[in-house]
Every structure is written in C-alpha cells, then in structure tokens.
Amino acid sequence: MGKIVAVVNQKGGVGKTTTAVNLTAALHALGLKVLLCDFDPQANATSGLGLDKRKIKYSAYDVTINEVGAAQAIVSTEYGDLLPSSSDLAGAAVELINQPHRELALEKALHSVRDQYDIIFIDCPPSLELLTLNGLCAADSILVPVQCEYFALEGLSDLMATLRMVKKRLNPRLEIFGVALTMYDGRTNFSSQVAQEVRRHFPGKVFASVVPRNIRLAEAPSHGIPVTVYDRTSRGSVAYRAMAEEIKAKLEKSSI
C-alpha cells in the first residue's frame, strides 16, 4: 500500500510546491511509482510538471465533487503521475461544507489508487482550511517545508496544533514524515541559526539535505519542468535528489 504524504505549510512562499514537484520527479527517476496530487487551486504543481491547467479533462475538483474516479483524472508525465488541479477547486471548499464527512472527500478519492504507488504526495494550499484538512485526513503523514528565514517558526505552532487536532479527532495515523529546510543561504549565520532551531523543535525529523536559495529553482517552473531535469548540476537539483534518496531509504526501512 502506497504511503500518502501531505506537503503542507500554511505560510506561502516556503517552497511547498517546489518541494512537491521536485521530490516527485526525483523519486520517479529513482524508479519509484509516484503520484503527485495537486490539491491547491493555484495549480502550480500541475504546470510545474508540464501540464497546461487550462486543457486538462478532469481535475482534483472532479474527483472530490463530481465523483469522477481518480484513475480517470490521473495523467502520466515523464516526471511521475499527476492528479492535476484547476481554478475550479477554489469553489470546492464551499461546495463541500454541507456534505456529510466533508473532510474525507479526498481520502475517498485516493483510496482506489493508493495501492498502485509507492508514495503519493498531496500539494496542499497555503492555508489551514477545508481543502488542507482534506489533505491531512487523506494522508498517513506530513512533510513540512520550512524556509531558513526570519519568522520561519512563526505559524508552525498553529500547524502543529492543527496536526494534533486532526490526529485526535479525525486521522489517528497522522504523523510527521519529515521537515525540509528550504531557501538556505550559506552566506549568512542567520540561516544556520534557523536550521539549528528547526532541528531542535523537530528532533530526528529534519532531512539532512538542505535546499539552498538557487536561481535555477525559480527558473524551472516557467519551463514546465522540475529543476532536477532543467539543470541536474544546480545546487537546488542536487539537494532535492539527495532528499529523494533519504525518502527512498525511509520508505524501504518502513516496509521491512
């Protein structure tokens, strides 16, 4: 059974979608069967894997609201499989409000395909609302990108409180899969201090691989390809491929 990991942080601009896209591509390149579920109405993960979000037939909106089977909506790309998003998903939170078990719509949708994958990533919106709650209820664990900048830990307490609430009331299996340090600037002592603080808050959960500030990471999405393909030798690419190796080893260890 594939492991479902929600990539989540309610703060925007922390490298959440960049992390989801590049780990999907890097793990796919390592031979794993990977699905990226784009559950953010901005659909940046969809375009980041090379799809035109204006031309997709079915999206995450259709599988959660219109009961289209997930297998029908999934698109295979050369970087891994994708359950794409669209701007329609922005209205899903409103449409789900009056539905029974509204927080379980995504879990229901992914249940039919999870056995086909080694890992499924859910790229959640940068907020703690119903769509993100669906992601947390569908997931076995969460991956939290944290930027190595001022205010990095601000808001994490809210995320951890939400995690504890979901674990207690809705999804008792939910755990922290890992914390990814992003936007690290080796020229400053401050990035190092933030990294140390994050490791202190999440002992044993922070990936050894640290994602640096890197112009190639910013350029790759405009070409519709992951940085691991756009520039394999860039520091950002090297970091995400190393992190993917860590994740692969973690998955193999948990399956023993």
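Up top you'll find the structure we're talking about.
Starting from 1, residues in each chain are numbered consecutively following that chain's sequence as written. Reporting of local features is limited, given that this is a predicted model, to residues whose pLDDT is at least 70; pairs of side-chain atoms are given and counted only at 80 or more, and all residues count toward the totals for whole chains, interfaces and linings. Neither water nor hydrogens contribute to the side-chain values; these are computed over all heavy atoms in the structure.

Visitor: In this structure, what is going on with the overall build of the chain? I would like to understand it.
Guide: Helix and strand assignments follow DSSP, with helices taken as H or I runs no shorter than four residues and strands as E runs no shorter than two, numbered in order from the N terminus. Helices and strands together make up the secondary structure of the chain, namely 12 helices and seven strands. Radius of gyration means the value over C-alpha atoms here, while the globule rule gives 2.2 Å times the residue count to the 0.38 power. The C-alpha atoms of the chain give 17 Å as radius of gyration, which agrees with the globular expectation for 256 residues (18 Å, within 12%). By principal-axis analysis of the C-alpha atoms, the chain measures approximately 50 × 40 × 40 Å. Taking contacts inside the chain between residues at least 6 apart in sequence as the whole, the part at least 24 apart equals 77%. All accessible-area figures derive from a Shrake-Rupley calculation using a 1.4 Å probe, and residue coverage is judged against the displayed protein chains alone. Looking at the chain as shown, the accessible area adds up to about 11700 Å², and 51% of this sits on carbon and sulfur atoms. Working convention for charge: Lys and Arg count positive, Asp and Glu count negative, and His plus the chain ends are omitted. By convention, charge coordinates are those of NZ in Lys, CZ in Arg, CG in Asp, or CD in Glu. Counting 28 positive and 27 negative side-chain charges, the chain places the averaged centre of each group 4 Å from the other. Any two residues whose heavy atoms approach within 4.5 Å are treated as being in contact.

Visitor: Quick question: what am I supposed to make of the layout of surface pockets here?
Guide: The rolling of a water-molecule-sized probe over the atoms marks out the regions of remaining empty space. Detection works on a 1 Å grid of protein atoms alone, calling trapped sets that fit a 1.4 Å probe cavities and calling open sets with protein on both sides within 12 Å along at least five of seven lines pockets, with lining residues defined by an atom within 4 Å of a point. Grid points are joined across faces, edges and corners, and a volume is the space filled by probe spheres set on the points. As a volume, the largest pocket reaches approximately 520 Å³. Along its surface, the largest pocket is lined by 30 residues, and G15, K16, T17, T18 and M183 are the ones closest to its centre. When residues of the lining of the largest pocket are traced back to their parent elements, those giving at least two are α1 (16–29), α2 (44–48) and α10 (215–219). By residue number, the principal contributor to the lining of the largest pocket is α1, which donates five residues. Side-chain classes follow a simple rule in which Ala, Val, Leu, Ile, Met, Phe, Trp, Tyr, Cys and Pro form the nonpolar group, Asp, Glu, Lys and Arg form the charged group, and the remainder, Gly included, forms the polar group. The residue inventory of the lining of the largest pocket, partitioned by class, reads 14 nonpolar, 12 polar and four charged.

Visitor: Explanation requested: helix α12 (residues 235–255) in the structure shown.
Guide: Because each turn of an α-helix spans 3.6 residues, side chains separated by three or four positions in sequence point in the same direction. For α12, with 21 residues, the first-to-last C-alpha span of 31 Å sits near the 30 Å given by 1.5 Å per residue. The complete set of buried residues in α12 reads G236, S237, A239, Y240, M243, A244, I247 and L251. Axial view of α12: buried residues confined to an arc of 155 degrees, hence all on one face. Residues R235 and K253 are exposed on α12 and point more than 90 degrees away from its buried face. Multiply 1.5 Å by the residue count of a helix minus one, and that product is the helix's expected span. Exposure is judged per residue with a 1.4 Å probe applied to protein chains only, and the accessible area is read against the type maximum: over 50% gives exposed, under 20% gives buried, and values in between give partly exposed. As used here, the arc belongs to the directions running from the helix axis to the C-beta atoms.

Visitor: Sorry, what's going on with the packing of aromatic side chains here?
Guide: A pair of aromatic rings is counted whenever rings of Phe, Tyr or Trp (Trp by its six-membered ring) have centres within 6.5 Å, and the orientation is called stacked for planes under 30 degrees apart, edge-to-face for over 60 and tilted otherwise. Counted under the stated rule, the structure contains one aromatic pair. The rule is short: NZ of Lys or CZ of Arg within 6 Å of the ring centre and within 35 degrees of the ring normal puts a charge over the ring. For the cation-ring pair, K250 lies above F177, with the distance from its terminal atom to the ring centre recorded as 4.6 Å.

Visitor: Could you clarify how one ought to interpret the nonpolar core in this entry?
Guide: The nonpolar side chains of a soluble globular protein tend to be buried with one another. Working definition of a nonpolar core: buried Ala, Val, Leu, Ile, Met, Phe, Trp, Tyr and Cys residues. They are joined through side-chain atoms within 4.5 Å. Residues L110, I122 and I142 are the most contacted members of the largest nonpolar core, which totals 53 residues. Not counting chain neighbours up to four residues away, the residues in contact with L110 comprise I4, L35, L83, I120, I122 and A138.

Visitor: In this structure, what is going on with the environment of D81? I would like to understand it.
Guide: Mapped onto the secondary structure, D81 falls in strand β4 (residues 80–83). Here D81 falls in the buried class, since its relative accessible area comes to 17%. Through-space distance from the C-alpha of D81 to that of C37 is 8.6 Å; in sequence the pair is 44 residues apart. Counted as a polar contact is a pair of N or O atoms within 3.5 Å, where, for protein atoms, one must be capable of donating a hydrogen and the other of accepting one, and residues adjacent in sequence contribute only when both atoms are in side chains. In terms of polar contacts, D81 uses its side chain to reach the side chain of S76, at 3.0 Å. A polar contact is formed between the side chain of D81 and the side chain of Y117, at a distance of 2.7 Å.

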